Amino acid sequence: MSTDNETRMIFSNNIKRYAAERHLQQTDIANICKVSTSAVNSWFLGQKIPRMDKIKMLADFFGISVSDLVEKRLDPKEAIKQHLPPNCFPITRKKYPLLGKIACGKPIFAEEDRESYIMSGMDIDADFCLQASGDSMIGARIMDGDIVFIRSQPMVDNGEIAAVIIDDEATLKRVYYTPGEKIILMSENPKYPPLVYIGEELDTIHILGKAVAFQSDVK
């Protein structure tokens, strides 16, 4: 149960919000309720709450119910959450830089487009994303045109999928390696043979980061 102080503050927050939405000043509220501006100021400060007839007068003016003025309103995100089915939560989104295309097949030129962005869930632990091109990763359910989210890191664990630069060309592959000896880049499509690099060839390989998620369009 709300205390008197809580009730006053709830009304204060509500009346200030509705007044702001209509661009009304305290003098306007005073004229509506036929009271002094000092009385309205005490409502805005949460020092007092008006009589019920004045609250009804305000509710009628704003076209709302009395409860909208005297009861606590949920934050919009919280209100959405409470109307969702159990185990469902609202999705918050953020922008991820889209740096260009990455080959799912033969390596392609590592183009960059730092002015494009992809909106997706904030729960994706990624620094940027790339658009997949080709069919070499279909075994991992990454299709041509999919957006692949990458977390920047210079190394990945054996068997993880990574965005890899070979000279100035980019490809998406599953990585297996013996540090300092050999790197094998494996496709997820049997029609593509492994790419094997040894010796001085290792200097041409640079891992951009680990693939942590992908996003597909419904077709």
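Keep in mind the model is a prediction, meaning the values are calculated, not measured.

Conventions we followed
- Residues numbered from 1 in each chain as written.
- Predicted model: local features only at pLDDT ≥ 70, side-chain atom pairs only at ≥ 80, totals over all residues.
- Heavy atoms only, no water.
- 1 Å grid on protein atoms, 1.4 Å probe; cavity = no way out; pocket = protein on both sides within 12 Å on 5 of 7 lines; lining within 4 Å.
- Points joined across faces, edges and corners; volume = space filled by probe spheres on them.
- Helix = DSSP H or I, 4+ residues; strand = E, 2+ residues; numbered from the N terminus.
- Nonpolar A, V, L, I, M, F, W, Y, C, P; charged D, E, K, R; others polar.
- Core = buried A, V, L, I, M, F, W, Y, C linked by side-chain atoms within 4.5 Å.
- Buried < 20%, exposed > 50% of the residue type's maximum accessible area, 1.4 Å probe, protein only.
- Expected span 1.5 Å × (residues − 1).
- Contact = heavy atoms within 4.5 Å.
- Phe/Tyr/Trp six-rings, centres within 6.5 Å; stacked < 30°, edge-to-face > 60°.
- Lys NZ or Arg CZ within 6 Å of the ring centre and 35° of its normal.
- Lys, Arg positive; Asp, Glu negative; His and termini not counted.
- Salt bridge = Lys/Arg side-chain N within 4 Å of Asp/Glu carboxyl O.
- Polar contact = N/O pair within 3.5 Å; in protein donor to acceptor, adjacent residues only side chain to side chain.
- Axes fitted to C-alpha atoms, helices over the stretch in contact; angles between N-to-C directions.
- Parallel < 35°, antiparallel > 145°, perpendicular 65-115°, else oblique.
- Left-handed = near helix turned anticlockwise from the far one by under 90°.

Visitor: Please explain the layout of surface pockets as it appears in this structure.
Guide: If you roll a probe as big as a water molecule over the atoms, it shows you where there is empty space left. Space inside the largest pocket adds up to approximately 170 Å³. Contributing to the lining of the largest pocket are Pro154, Met155, Tyr177, Thr178, Pro179, Gly180, Ile183, Leu202, Ile205, His206 and Ile207. Contributing elements (two or more residues each) for the lining of the largest pocket: strand 7 (169-178) and strand 10 (205-215). If one sorts the elements of the lining of the largest pocket by residue count, strand 10 sits on top with three residues. In the lining of the largest pocket, the residues fall into eight nonpolar, three polar and no charged.

Visitor: Hey, could you run me through the nonpolar core in this one?
Guide: One recurring pattern in soluble globular proteins is that nonpolar side chains are buried together. Ranked by internal contacts, the top residues of the largest apolar core, which has 18 residues, are Phe11, Ile15, Ile29, Trp43, Leu58, Phe62 and Leu69. For this core, the secondary-structure elements that each account for two or more residues are helix 1 (4-21), helix 2 (26-33), helix 3 (37-44) and helix 4 (52-62).

Visitor: Hey, could you run me through helix 1 in this one?
Guide: Since one α-helical turn is 3.6 residues long, residues separated by three or four positions face the same way. With 18 residues, helix 1 should cover 26 Å at 1.5 Å per step; its first-to-last C-alpha distance of 26 Å lies within 8% of that length. Buried within helix 1 we find Ile10, Phe11, Ser12, Asn14, Ile15, Tyr18 and Ala19. On its buried side, helix 1 packs onto helix 2, helix 3, helix 4 and helix 5 (66-70). Following helix 1 by one or two positions, histidine 23 adopts a phi angle in the positive range, close to 55 degrees.

Visitor: Is there a simple way to explain the packing of aromatic side chains in this structure?
Guide: Given two aromatic rings, one states the distance between the centres and the angle between the planes to describe the pair. One pass over the full model with this rule turns up three aromatic pairs. Aromatic pair phenylalanine 11 and tryptophan 43: ring centres 6.3 Å apart, planes at 85 degrees, arrangement edge-to-face. In this pair, phenylalanine 11 is assigned in helix 1 and tryptophan 43 in helix 3, connecting sequence segments 32 residues apart. With respect to burial, phenylalanine 11 and tryptophan 43 carry one shared label: buried. Of note, arginine 17 hangs over the ring of tyrosine 18, and the distance from its end group to the ring centre comes to 5.7 Å.

Visitor: Just to check I follow, could you spell out the side chain of lysine 173 for this structure?
Guide: Its place among the elements puts lysine 173 in strand 7. The buried charged residue lysine 173 lacks any salt bridge, with aspartate 135 as its nearest oppositely charged partner at 8.6 Å. Reaching out from lysine 173, the side chain makes a polar contact with the side chain of serine 136 at a distance of 3.4 Å.

Visitor: Just checking my understanding: could you explain the pattern of salt bridges for this structure?
Guide: Between side chains of opposite charge, a pair can form as their charged atoms come close. Evaluation of the coordinates by the stated rule reveals six salt bridges. The residue aspartate 135 makes a salt bridge to lysine 191 at a minimum N-O spacing of 3.0 Å. Note that aspartate 135 is positioned in the loop between strand 4 (128-134) and strand 5 (147-152) and lysine 191 in the loop between strand 8 (182-186) and strand 9 (195-198), a separation of 56 residues in sequence.

Visitor: Just checking my understanding: could you explain the packing of helix 2 against helix 4 for this structure?
Guide: Think of two packed helices as two axes; the pair is described by the angle between the axes and how far apart they sit. The interhelical angle for the contact between helix 2 and helix 4, taken along N-to-C directions, is 110 degrees, at an axis separation of 9 Å. For the element pair helix 2 / helix 4, the angle class is roughly perpendicular. Taken as a pair, helix 2 and helix 4 cross one another with a handedness that is right-handed. Side by side, helix 2 and helix 4 meet where Ile29, Ile32 and Cys33 of the first sit next to Lys54, Met57, Leu58, Phe61 and Phe62 of the second.

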